Amino acid sequence: WKEPQFFVALADAANERLDSVKDEELTQWYLVSLHFRLEWPDRSVPLTHYHRRLQSAFERSEPRPSRFQRNVAAALDRVGW
């Protein structure tokens, strides 16, 4: 999880298959892309051309944040993140 090459290779392998996967899988790829952006902000994010589709799938699958998610969001707001 510490090397960006792992994520680049993973994204390259999945790139040609993302057109035929379900929203649940796209949401997982969205989380992978967020992790990549946070860990290596100076690097180009794999699957950038799918970002809007990945994000849309994520937003459709999470219509109501859980209490835990709301608590995490509030904690992040408090620390200014």
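Structure first, text after, so check above.
Attention here is on the structure that accompanies the text.

Reading the values: the criteria
- Residues numbered from 1 in each chain as written.
- Predicted model: local features only at pLDDT ≥ 70, side-chain atom pairs only at ≥ 80, totals over all residues.
- Heavy atoms only, no water.
- Phe/Tyr/Trp six-rings, centres within 6.5 Å; stacked < 30°, edge-to-face > 60°.
- Helix = DSSP H or I, 4+ residues; strand = E, 2+ residues; numbered from the N terminus.
- Buried < 20%, exposed > 50% of the residue type's maximum accessible area, 1.4 Å probe, protein only.
- Expected span 1.5 Å × (residues − 1).
- Polar contact = N/O pair within 3.5 Å; in protein donor to acceptor, adjacent residues only side chain to side chain.
- Axes fitted to C-alpha atoms, helices over the stretch in contact; angles between N-to-C directions.
- Left-handed = near helix turned anticlockwise from the far one by under 90°.
- Contact = heavy atoms within 4.5 Å.
- Nonpolar A, V, L, I, M, F, W, Y, C, P; charged D, E, K, R; others polar.

Regarding the packing of aromatic side chains
Counted by the stated rule, this structure contains two aromatic pairs. Each ring, one from Y30 and one from F58, has its centre 5.0 Å from the other, and the planes form 35°; the classification is tilted. One end of the pair, Y30, is in helix α2 (residues 23-39); the other, F58, is in helix α3 (residues 51-61), with 28 residues separating them in the sequence. For F58, a relative accessible area of 24% gives the class partly exposed. Where F36 meets W40, the ring centres are 5.1 Å apart and the plane angle is 55°; that geometry is what we call tilted. On the accessibility criterion, F36 (1% relative accessible area) is buried. W40 sits in the buried class, given a relative accessible area of 11%.

Describing the environment of L76
Within the secondary structure, L76 is located in helix α4 (residues 67-78). For L76 and R43, which are 33 residues apart along the polypeptide, the C-alpha to C-alpha distance reads 24 Å.

Considerations on α4
With 12 residues, α4 should reach 16 Å at 1.5 Å per residue; the first-to-last C-alpha distance of 16 Å fits that figure. Immediately downstream of α4, the backbone of G80 shows phi near 80°, a positive value.

Digging into the side chain of S33
By secondary structure assignment, the location of S33 is in helix α2. A polar atom in the side chain of S33 sits 2.7 Å from the backbone oxygen of Y30.

Observations concerning the packing of α2 against α3
Running from N to C, α2 and α3 cross one another at 115°; their axes reach a closest spacing of 8 Å. Seen along the crossing, α2 lies across α3 with a hand that is left-handed. Residues D23, L26, T27, W29, Y30, L31 and R37 of α2 form the contact with α3, whose participating residues are H51, R53, L54, Q55, A57, F58, R60 and S61. Class assignment of the residues belonging to the contact of α2 with α3 gives a composition of seven nonpolar, four polar and four charged.

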